[in-house]
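# Examining the three-dimensional arrangement
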Amino acid sequence: MCRVLEKRNQPFDFQSAESYTLPQDADPLINNSYYFSAHDGSMSLFARLGRRVDADETWFALYLDGKLYSLKQELFRAAQSPLVVSKEQDQWTLAFKGTLNEEDEIDFKATFTGTNEPLNFGSDMPAVRKAIGIANEKWNKAFFNELKTIDGQCHYEQEGTLQGQLKLNGKPLDFALPCVRDHSFGKRDWNYMNNHLWLMAVSSELQFNYSLVSYPVMSLLEVGNYRDEGGQHFHLESNLDLNSIATVPNALSFSVKLDDGRVVPVEASVFAGVSYHFQGGDYILHEHIAQYIIDGKQARGILEIGFNADGSRLFNGRKPQEFRR
């Protein structure tokens, strides 16, 4: 299966992906999503604009001086989101002006500049990770036809710096934060997902990503990467206890084995967050800010976890110990 996947793998066209726009006649399930997550020891920010032909899914949250400020409205009419994401040459700009919480006013503008090459989940992750996910399922013609459902989305990330200014309740602040931006587009039916977990940490020293998702067609898919002074490396194995993510965790502790042979310990502790509701409550996503210790190094980032409203669909109702990982 690894050989088949590697043979089918197509080179990632970064410039084409960067210029993708949502067709005016697109199906409402087609999504063009921009996400930015920026952190240092005193400030955290995440923002997401999920464009669809009929609506703009919108997040904006800031953690500063021990307080969480977040946009309460989750859905806006198409092209009416107060979060504006635009690109000029090789830089992405975010702008937001409005009310957070109930009465906190913010005027925010920042520019993302990439510092590392983009990482495409479809072509850069080791083929063995998806091959193991496929190996956990029963193979037949219907399975391989349905597998195409999750193959049609482009998803890539890039590490960089988010630099700008904000004015919160009249108080100005300049900032420059380590940041990861995420761009994905294609069909995204939130109700097709059983559950998922995304762990991401970033600092000047490192960037860590662990992604897990469960679909009806594939009960468990795990991928990830870790960048430190030794460069970019990919996860080959993880010993995360899947029972620990049957509900929203306050903390996680596990390790990942990298493609250079290292085993890296990871600890994450949640301290603030926002819950989001998709497609009429079919899928609930919890976006938490978390403190990390990765291989002995401190960082801050995101612990994102989501569940289908039908709780019986967790990992397709299968017991975690069944899975080859």
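Before any of the text, the structure's been laid out above.
One structure accompanies this document, and this report is about it. Every value quoted in this text rests on a predicted model; they were computed, and no experiment measured them. (Residues numbered from 1 in each chain as written. Predicted model: local features only at pLDDT ≥ 70, side-chain atom pairs only at ≥ 80, totals over all residues. Heavy atoms only, no water.)

### Some details on the packing of aromatic side chains
Counting across every chain of the model gives 23 aromatic pairs. On the numbers, 5.9 Å between centres and 80 degrees between planes, the contact of phenylalanine 14 with tyrosine 156 is edge-to-face. One end of the pair, phenylalanine 14, is in helix α2 (residues 14–18); the other, tyrosine 156, is in strand β10 (residues 154–168), and 142 residues separate them in sequence. With 5.0 Å between their ring centres and 70 degrees between their planes, phenylalanine 143 and phenylalanine 144 make a pair best called edge-to-face. Overall, the relative accessible area of 7% leaves phenylalanine 143 in the buried class. A relative accessible area of 31% means that phenylalanine 144 is categorised as partly exposed. (Phe/Tyr/Trp six-rings, centres within 6.5 Å; stacked < 30°, edge-to-face > 60°. Helix = DSSP H or I, 4+ residues; strand = E, 2+ residues; numbered from the N terminus. Buried < 20%, exposed > 50% of the residue type's maximum accessible area, 1.4 Å probe, protein only.)

### A closer look at the environment of glutamate 102
Mapped onto the fold, glutamate 102 is located in the loop between β7 (91–100) and β8 (104–114). The class for glutamate 102 is exposed, based on a relative accessible area of 69%.

### Focus on the nonpolar core
The biggest cluster of nonpolar side chains holds 37 residues, and the ones touching the most others in it are Phe46 and Val217. Looking at this core, the elements that each hand over two or more residues are β3 (56–64), α3 (127–135), α4 (141–147), β12 (195–202), β14 (221–228), β17 (263–278) and β18 (283–294). At four residues, β17 tops the list of elements feeding residues into this core. Non-local contacts of valine 217, meaning those with residues more than four positions away in its chain, are made with Glu137, Phe143, Glu146, Leu147, Ile150 and Tyr192. In this structure, Ala38, Ile106, Phe108 and Leu168 belong to the second largest nonpolar core, which totals 29 residues. (Core = buried A, V, L, I, M, F, W, Y, C linked by side-chain atoms within 4.5 Å. Contact = heavy atoms within 4.5 Å.)

### Details of the layout of surface pockets
If you add up the space inside the second largest pocket, you get close to 220 Å³. Together, 16 residues line the second largest pocket, and Ala55, Glu57, Leu75, Phe278 and Gln279 are the ones closest to its centre. Partitioning the lining of the second largest pocket into residue classes produces seven nonpolar, five polar and four charged. (1 Å grid on protein atoms, 1.4 Å probe; cavity = no way out; pocket = protein on both sides within 12 Å on 5 of 7 lines; lining within 4 Å. Points joined across faces, edges and corners; volume = space filled by probe spheres on them. Nonpolar A, V, L, I, M, F, W, Y, C, P; charged D, E, K, R; others polar.)

### So, empty space enclosed by the protein
All told, the structure shown has two cavities of 30 Å³ or more when counted by the stated rule. What the largest cavity holds in volume is close to 80 Å³. If you go around the largest cavity, the residues you meet are Asn116, Glu117, Leu119, Glu157, Gln158, Glu159, Val180, Gln207, Asn225 and Gln232. Considering each element in turn, the lining of the largest cavity owes the most residues, three residues, to β10. Across the lining of the largest cavity, the residue classes tally to two nonpolar, five polar and three charged. Estimated volume of the second largest cavity: approximately 50 Å³. Arg129, Tyr210, Glu222, Val223, Gly224, His235, Leu236, Glu237 and Ser238 are the residues that line the second largest cavity. Sorting the residues of the lining of the second largest cavity by element identifies β14 and β15 (231–238) as the ones contributing at least two each. Residue contributions to the lining of the second largest cavity peak at four residues, all from β15. Across the lining of the second largest cavity, the residue classes break down as three nonpolar, three polar and three charged.

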